[in-house]
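Listed below are the residues making up each chain.
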Number of protein chains: 2
Amino acid sequence: MKGRRRGADLEEALLDAAWLELTERGYAGLTMEAVATRAGTSRPVLARRWDGKADLAIAAIRRQIAKHPLEVPDRGDLRTELLELLEHASNRVRGIAAVFTLFFSEYFHETSSTPQSLRTALLAGNPQPLAAILERGVKRGEIAPEKLVPPVSTLLSDLFRHHAIMTFAPPPPELRVAWVDSIFLPLVRAD
Amino acid sequence: MKGRRRGADLEEALLDAAWLELTERGYAGLTMEAVATRAGTSRPVLARRWDGKADLAIAAIRRQIAKHPLEVPDRGDLRTELLELLEHASNRVRGIAAVFTLFFSEYFHETSSTPQSLRTALLAGNPQPLAAILERGVKRGEIAPEKLVPPVSTLLSDLFRHHAIMTFAPPPPELRVAWVDSIFLPLVRAD
DNA sequence: TCAATAAGATGCAAGAATGTATCTTGACGA
DNA sequence: TCGTCAAGATACATTCTTGCATCTTATTGA
């Protein structure tokens, strides 16, 4: 027997269990009961820490973000880095879809916030991989800064997110290449 | 008194009530009880027609699509037509957001389909306004057909949908113009 | 070693929503 | 006009989840 877990140990185990439930069942199918069972404990333990489903789910998402930061080192080439970012992000699609099951739950009808604002809140304080890559691209002279206007600068992540939302599946490599070569780079390339 | 409704009359009233509930409460907050009350009737009347929440919600969405088709006539100019389409679509954002509350409900964990496939199924048989506009653009020589590859041809509707999903609000006119002038047209323009 | 604290088990009542059965009443068609 | 069928009202059992209270037990730190 591994004994009884306490404090941070237990909390992490609970959040991981919640994350798994969230990805497998979605927010609508998430129950305190199932999380407790999965973590090998019981509901009162959860109730002592979080206020309800929403609170628990948000905490679980926060932990995932902190646990698996998405970073792309300097590769010396904008295109390479963009494709690498998209490839890494593709492994997260199931998680992204799960997060949106929260975004589109009754939670928003109660708080009257938007997925956008919750996303911003969740990502606050975390590194912004795409922004870092674009910045390097500008420094290298690969990107014309004046072409990097708001709807363009978020274009790739928006397209990726949209694809994840609509298909629940990672974008195939050809599609990722098309986003970069046929859409994004032609729009920002310094020429 | 307006008397007792029957058949198609009643069915339409029920579907309209369901649509209103869906837009106001979201799919998670949709109850047969509330729909029945709103339509001035009782649950058994609903139960005789639809199998459950999902069935009812899909029928209600179908009716809305059929009731308010989105069409843009030939204006002789690609840019004008695109902006007109985006403007009209902007009035539908609340409805689109409501539809996604269904897309991200437990419904998909049960049917294991995707928002994409349900969207396709819902739109089947209905006019595709963007496709029609692009076709005219090609005919007029405003668009280079070889540039209209898959991720580009759906770019505008994807961006619009993504914005609707993330903000629950219509895109401001400047943003719509930026999508068209700074992103889409430069990518497809025949030059 | 021992007391304090929190983990973990269990039970119960409450609330929400659904499915279904039954019954009355109104509307339409032969 | 009258019979049929569906609309509409009502009630009941069921299911699912939660919140709360209680009790036991393991772990930690003084």
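A brief look at the structure comes next. As the structure is a prediction and not an experimental result, all values here were calculated from the model.

**A short note on the protein's contact with DNA strand C**
Part 1 of the reasoning: Taken together, 21 residues form the shell around DNA strand C, and within it A:R48, A:R49, B:R4, B:R6 and B:R43 come nearest.
Part 2 of the reasoning: Counting only the atoms of DNA strand C within 4 Å of the protein, the fraction contributed by sugar and phosphate is 52%.
Part 3 of the reasoning: At a separation of 3.3 Å, a base nitrogen of DNA strand C approaches a polar side-chain atom of A:S42.
Part 4 of the reasoning: The contact in question runs from a base nitrogen of DNA strand C to an N or O atom on the side chain of B:R43, over 2.9 Å.
Part 5 of the reasoning: Elements represented by at least two residues in the surface near DNA strand C include exactly α3 (43-47) of chain A together with α2 (32-38) and α3 (43-47) of chain B.
Part 6 of the reasoning: A per-element tally of the surface near DNA strand C places α3(A) first, with three residues.

**Side note on the protein's contact with DNA strand D**
Part 1 of the reasoning: Around DNA strand D lies a shell of 21 residues, among which A:R4, A:R43, B:R4, B:R48 and B:R49 are the nearest.
Part 2 of the reasoning: Sugar plus phosphate: this is where 52% of the atoms of DNA strand D within 4 Å of the protein reside.
Part 3 of the reasoning: Between DNA strand D and the protein, one listed contact pairs a phosphate oxygen with a backbone N or O atom of A:M32 at 3.3 Å.
Part 4 of the reasoning: Of all elements in the fold, only α2 (32-38) and α3 of chain A together with α3 of chain B reach the threshold of two or more residues within the surface near DNA strand D.

**Some remarks on the packing of helix α1 (residues 7-25) of chain B against helix α4 (residues 53-67) of chain B**
Residues and elements named next belong to chain B.
Part 1 of the reasoning: Two numbers describe how α1 lies on α4: the axes approach to 9 Å, and their chain directions differ by 100°. In this view, α1 runs roughly perpendicular relative to α4, as classed from their interaxial angle. Contacts between α1 and α4 pair E12, L15, D16, A18, W19 and L22 from the former with L56, A59, A60, I61, R63, Q64 and K67 from the latter.
Part 2 of the reasoning: Broken down by class, the residue content of the contact of α1 with α4 amounts to eight nonpolar, one polar and four charged.

Parameters at a glance
- Residues numbered from 1 in each chain as written.
- Chains lettered and ligands numbered in written order.
- Predicted model: local features only at pLDDT ≥ 70, side-chain atom pairs only at ≥ 80, totals over all residues.
- Heavy atoms only, no water.
- Near = heavy atom within 4 Å.
- Polar contact = N/O pair within 3.5 Å; in protein donor to acceptor, adjacent residues only side chain to side chain.
- Helix = DSSP H or I, 4+ residues; strand = E, 2+ residues; numbered from the N terminus.
- Axes fitted to C-alpha atoms, helices over the stretch in contact; angles between N-to-C directions.
- Parallel < 35°, antiparallel > 145°, perpendicular 65-115°, else oblique.
- Contact = heavy atoms within 4.5 Å.
- Nonpolar A, V, L, I, M, F, W, Y, C, P; charged D, E, K, R; others polar.

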